[in-house]
Amino acid sequence: MSDAHNEHESAIRTPKQLVAAVIGFFGVTVIGIILLVQFVTADKLTGRGSNSQAPEEVAARIAPVADTGFTLKDANAPKVLQSGEAIYTSTCAACHGSGAAGAPKFGDAGAWTARIAQGYDTLLKHAVEGIRAMPAKGGNPDLDDVEVARAVVYMANKGGAKFKEPEVPAPAAAPAAASAPAASAPAK
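Every value quoted in this text rests on a predicted model; they were computed, and no experiment measured them.

Draft legend 1. Region of the structure containing the overall build of the chain. A count of helical and extended segments in the chain gives seven helices and zero strands. Start at the N end of the chain and walk to the C end: the helices and strands fall as α-α-α-α-α-α-α. Taking all 188 residues of the chain together, the buried fraction comes to 15%. A sequence separation of at least 24 residues applies to 49% of the contacts in the chain between residues at least 6 apart.

Put into structure tokens, the structure is as follows:
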């Protein structure tokens, strides 16, 4: 036989050597895993500069959402009406600032001329009820009709109109106040 045939033989020649090699391989692997787990879990590691487990950080995360800048409104309180400019900025500017969906751009006299020619009442009706792509009250149902009217006057006047700002209607007298003197009359 030639020596070339002997070159392909392995170092493991007997079944006893094979069993020892397999057990040794698994032993080294298990010891490596144990050492790796100990290395990872030995120290409490936090991210660099992390203060996430501090009591104040935990308290901030579990605080109720309502405590973070939410203001409760009294539903029975008299409504404070906003100016036309404030309504334009908060509601109308989204479309009228860019001319989205065919809305006349703010301050563009050419785009507002035909609409102003229809008259204030028609403009106000379209703003309150909605027209084409514009939803009623510009998509903000919480707006009072007077606020919508102020916004219409503000935008139309910047487009070349000379509309007068609408007057705020006087608050209606409370019906309980009207009946109060009758109830306090002395009984005979």
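Draft legend 2. Layout of the pattern of salt bridges. Tallied over the entire structure, the rule returns three salt bridges. Of the charged contacts in the structure, one is a salt bridge between Glu129 and Lys125, with a shortest N-O distance of 3.6 Å. Within this pair, Glu129 and its partner Lys125 are both found in helix 5 (residues 120–129), separated by four residues, close to a single helical turn. Judged by its relative accessible area of 52%, Glu129 falls in the exposed class.

How each quantity is defined
Residues numbered from 1 in each chain as written. Predicted model: local features only at pLDDT ≥ 70, side-chain atom pairs only at ≥ 80, totals over all residues. Heavy atoms only, no water. Helix = DSSP H or I, 4+ residues; strand = E, 2+ residues; numbered from the N terminus. Buried < 20%, exposed > 50% of the residue type's maximum accessible area, 1.4 Å probe, protein only. Contact = heavy atoms within 4.5 Å. Salt bridge = Lys/Arg side-chain N within 4 Å of Asp/Glu carboxyl O.

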